[in-house]
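Coordinate analysis (summary)
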Amino acid sequence: MPKSRTPLTLGWEAARANAVPALIIQAIMLALLVAYYTNHTVFSGLNRLADYKNAHGLSFVIVASITAGAIIPEIFLVLFFQRGRPNRRNLRNLLFTIPVWGFDGMLVDLLYRSEAAWFGDVATLPVVTAKVCVDQFGYNPLFAAPFGVLTYEWKNSGISMQPIRDLFTWEHYRDKILPTLLATWAVWIPLMAIIYSLPLALQFPLFG
């Protein structure tokens, strides 16, 4: 990697590139949080969503994850970059992203439920802070970011074993995972503080 393109520089550039959509999403989520605690209509509507999630459990988690992580992005790809013309590559993408995001969603839901068991399902400053720290400085650097980078490098390399071998080297973590983490933290630390300020049953639906 050239000296001018350090992991810190790459992470900062990625965070800047995502700044506008990130701020929009953060603003929407903050508005939902405020409305949940101040507006009866929003409170009732989100609680119905929470009830639906509780009633359907793992099925809801898998379908929501696949929809948000695989199907909607592929639809956007077709509409905005392929002039509305789907092709075989889109099908190949979905065959890869559907199981990946389904698996990822199950892990995230397990994380949220585990944190509620460890710290409590309450929106206090110590509890929210603890959950954000476990999520963003434990789960994310130790699993989520390496897994995310690995899966797409594996796909883009033609299902080669080389990305798996590279995964356990410091150079790979420094050059690929650290920039990913920096860009992720800029978006997700504020978002997770908002998400963890809501009841457990709403955390996964709004994460989606």
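As the structure is a prediction and not an experimental result, all values here were calculated from the model.

Each helix and strand counted, the chain has eight helices and zero strands in total. Ordered by position from N to C terminus, the α and β elements of the chain give α-α-α-α-α-α-α-α. For a compact globule of 208 residues, the expected C-alpha radius of gyration is about 17 Å, and the chain comes in at 18 Å, within 12% of that figure. Taken along the three principal axes of its C-alpha coordinates, the chain extends 50 × 40 × 30 Å. Among the 208 residues that make up the chain, the fraction classed as buried is 37%. Contacts in the chain between residues far apart in sequence, at least 24 positions, make up 68% of those at least 6 positions apart. Surface summary for the chain: the accessible area is close to 12,100 Å², and the carbon and sulfur share equals 70%. Counting 16 positive and 12 negative side-chain charges, the chain places the averaged centre of each group 11 Å from the other.

Together, I71, I72, I75, F76, L79, F80 and F81 give the surface a local cluster of nonpolar side chains, amounting to about 740 Å² of exposed area. Checked against the element boundaries, F81 lands in helix α3 (residues 40-81).

Quick look at the nonpolar core now. Of all hydrophobic cores here, the largest spans 25 residues; its most connected members are M29, Y112, M192, Y196, L198, L202 and F204. Those elements that place two or more of their residues in this core are α2 (19-38), α3, α4 (88-119), α5 (125-156), α7 (170-195) and α8 (200-207). The greatest single-element share of this core, amounting to five residues, is contributed by α7. L198 has contacts with L33, Y36, Y37, D121, Q203 and L206, leaving out every residue within four places of it along the chain.

A few words now on the environment of A35. In this fold, A35 is placed in helix α2. Taking relative accessible area as the criterion, A35 reaches 18% and is therefore assigned buried. As for A35 and A130, which are separated by 95 residues in sequence, their C-alpha atoms are 24 Å apart. Excluding residues within four positions of it along the chain, A35 makes contact with V42 and F43.

The volume enclosed by the largest pocket comes to roughly 1,500 Å³. Contributing elements (two or more residues each) for the lining of the largest pocket: α2, α3, α4, α5, α7 and α8. Its residues placed into classes, the lining of the largest pocket shows 31 nonpolar, ten polar and three charged.

About the criteria used
Sequence order as written defines residue numbering, which begins from 1 separately in each chain. Confidence filtering applies because this is a predicted model: local features only for residues at pLDDT of at least 70, side-chain atom pairs given and counted only at 80 or more, and all residues used for totals across whole chains, interfaces and linings. The side-chain values count all of the structure's non-hydrogen atoms but skip hydrogen atoms and water molecules. Secondary structure counts use DSSP, requiring at least four H or I residues in a row for a helix and at least two E residues in a row for a strand, with both numbered from the N terminus. This radius of gyration counts C-alpha atoms alone. The globule rule is 2.2 Å times how many residues there are, raised to the power 0.38. Note on exposure labels: buried denotes an accessible area under 20% of the residue type's maximum, exposed denotes more than 50%, and partly exposed covers the range between, all computed with a 1.4 Å probe on protein chains only. Contact criterion: two residues are considered in contact whenever any of their non-hydrogen atoms come within 4.5 Å of each other. We get accessible surface area from the Shrake-Rupley algorithm with a probe of 1.4 Å; when it comes to residues, only the shown protein chains can shield them. In summary, the charge assignment counts Lys and Arg as positive and Asp and Glu as negative, without counting His or the chain termini. To locate a charge, the coordinates of NZ of Lys, CZ of Arg, CG of Asp or CD of Glu are taken. Two joining distances apply to patches: 9 Å for like charges and 5 Å for nonpolar side chains (Val, Leu, Ile, Met, Phe, Trp, Tyr), and every residue must have over 30% relative accessible area and no salt bridge. The salt bridge definition used is simple: a Lys or Arg side-chain nitrogen within 4 Å of an Asp or Glu carboxyl oxygen. What is meant by a nonpolar core is a set of buried Ala, Val, Leu, Ile, Met, Phe, Trp, Tyr and Cys residues, joined one to another through side-chain atoms within 4.5 Å. Points on a 1 Å grid over protein atoms alone make up a cavity when a 1.4 Å probe fits among them but cannot get out, and a pocket when they form an open set with protein on both sides within 12 Å along at least five of seven lines; lining residues each have an atom within 4 Å of a point. Grid points are joined across faces, edges and corners, and a volume is the space filled by probe spheres set on the points. Throughout, the ten residues Ala, Val, Leu, Ile, Met, Phe, Trp, Tyr, Cys and Pro are labelled nonpolar, Asp, Glu, Lys and Arg are labelled charged, and all others, Gly among them, are labelled polar.

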